[in-house]
Amino acid sequence: RSTYNNLINACGSNGNWREALRICKQMTENGVGPDLVTHNIVLSAYKNGTQYSKALSYFELMKGKNVRPDTTTLNIVIYCLVKLGQYDKAIELFNSMREKRAECQPDIVTFTSIIHLYSVSGQVENCRAVFNTMLAEGLNPNIVTYNTLMAAYASHGMNEEALLVFNEIKKNGLLPDIVSYTSLLNAYGRSQHPGKAREVFDMMRRNNLRPNLVSYSALIDAYGSNGLLAEAVEVFHEMEQDGIEPNIVTMCTLLAACGRCGRKVNIDVVLSAAEMRGIKLNTVAYNSAVGSYMNVGEYEKAITLYKSMKKRRVKPD
RNA sequence: AAUUUAUAAAU
């Protein structure tokens, strides 16, 4: 059974949920019944394949077969509900877990997921309360919990709150990791403090953490979204010299930066830079480029790009 | 140190 679970998991963690299901069926046909771990692996296979509704259906199926879920099961279900924007249902499930007699009590993952929920559902003011409740329940936050709380503040441009959390990490004997630094950096970028964002980036290096693709892209955006295109481009070069390959998000960030620097710049340069690196533009990147052309008043180029979008079979949204 | 769950970047 463990062998099968391992096999299913190998497919599922790559988002290959069809193959995962196929093996799961085969397992049953060979007379090996799935256990709860198997079910959880199937659920997470759906999740990794972004098949959130299918995951929820599977969960209903489990209930129909009287399979008792555990906290991990419910955590995955909460994750899927959040992805589908079904926040009320997620909260309902969370509350049911918190009842005294509930079989599956919320754990640190559950609480962290709920903090994240409140961030993405536009109720960041609830995040700290959830965090405090978790403490009151005697659960110790780990670095992911702190990072989630920080990211919540960061995405809302609340840099002071984010910094407070960052300092709490150290106070509680944990070490900020690359995600912590990137979130703090992002908090400054989102609140019009690109210089502070750079300071965080440098601080990360001084603490012997190597900035990765995400950290670099976040710094590029900190400059770009605040109108500092030259600095953004400089970081882009710094990144490549550091041996980190840009991806579509990086290029899209630069494309957006071109539309925000307040003057007419050559967006084509960025487009061909992407092409030279074999990075194919997706819908978001096209939107960004078209938007930037509009911002700088190059309406004809915007239309041309829109047309080439269709030619390359990238769906406009 | 390996069967399953939570966190950071773009329009």
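Above: the structure in question.
Remember, predicted model here, so these are calculated numbers, not experimental data. (Residues numbered from 1 in each chain as written. Chains lettered and ligands numbered in written order. Predicted model: local features only at pLDDT ≥ 70, side-chain atom pairs only at ≥ 80, totals over all residues. Heavy atoms only, no water.)

### Things to note about the layout of surface pockets
Right, so step 1: Space inside the largest pocket adds up to approximately 460 Å³.
Right, so step 2: Around the largest pocket, the lining comprises 19 residues; the ones closest to its centre are Phe59, Lys63, Leu74, Leu93 and Ser96.
Right, so step 3: Of all the elements in the fold, those that place two or more residues in the lining of the largest pocket are α4 (52–64), α5 (71–83) and α6 (87–98).
Right, so step 4: Space inside the second largest pocket adds up to approximately 320 Å³.
Right, so step 5: Lining the second largest pocket are 13 residues, with Leu271, Glu275, Leu281, Tyr286 and Arg312 positioned closest to its centre.
Right, so step 6: Among the elements of the structure, α16 (267–276) and α18 (299–311) are those that each provide at least two residues to the lining of the second largest pocket.
Right, so step 7: The biggest single contributor to the lining of the second largest pocket is α16, with four residues.
Right, so step 8: Looking at the lining of the second largest pocket residue by residue, the classes come out as seven nonpolar, three polar and three charged. (1 Å grid on protein atoms, 1.4 Å probe; cavity = no way out; pocket = protein on both sides within 12 Å on 5 of 7 lines; lining within 4 Å. Points joined across faces, edges and corners; volume = space filled by probe spheres on them. Helix = DSSP H or I, 4+ residues; strand = E, 2+ residues; numbered from the N terminus. Nonpolar A, V, L, I, M, F, W, Y, C, P; charged D, E, K, R; others polar.)

### Examining unusual backbone geometry
Right, so step 1: Even without glycine at this site, asparagine 208 takes up a positive phi of about 65°.
Right, so step 2: Relative to the assigned elements, asparagine 208 resides in the loop between α12 (194–206) and α13 (213–224).
Right, so step 3: A positive phi angle, near 60°, is found at arginine 313, a position not held by glycine.
Right, so step 4: We classify arginine 313 as exposed; its relative accessible area is 75%. (Buried < 20%, exposed > 50% of the residue type's maximum accessible area, 1.4 Å probe, protein only.)

### Concerning the protein's contact with RNA strand B
Right, so step 1: In the vicinity of RNA strand B lie 41 residues, with Asn40, Asn75, Arg190, Arg260 and Asn287 positioned nearest.
Right, so step 2: A share of 54% of the atoms of RNA strand B within 4 Å of the protein falls on sugar and phosphate groups.
Right, so step 3: Asparagine 75 places a polar side-chain atom, nitrogen or oxygen, 2.6 Å from a base oxygen of RNA strand B.
Right, so step 4: Asparagine 287 places a side-chain nitrogen or oxygen 2.8 Å from a base oxygen of RNA strand B.
Right, so step 5: It is helix α3 (residues 36–48) that provides the largest number of residues to the surface near RNA strand B, a total of five residues. (Near = heavy atom within 4 Å. Polar contact = N/O pair within 3.5 Å; in protein donor to acceptor, adjacent residues only side chain to side chain.)

### Section: the pattern of salt bridges
Right, so step 1: Applying the stated criterion across every chain yields a total of twelve salt bridges.
Right, so step 2: We note a salt bridge from lysine 63 to glutamate 60, for which the minimum N-O separation is 3.4 Å. Here glutamate 60 and lysine 63 lie together in helix α4, a separation of three residues that amounts to about one turn.
Right, so step 3: Taking the relative accessible area as the measure of exposure, lysine 63 reaches 41% and is therefore partly exposed.
Right, so step 4: One salt bridge connects glutamate 137 with arginine 98, and the closest N-O pair in it is separated by 2.8 Å. (Salt bridge = Lys/Arg side-chain N within 4 Å of Asp/Glu carboxyl O.)

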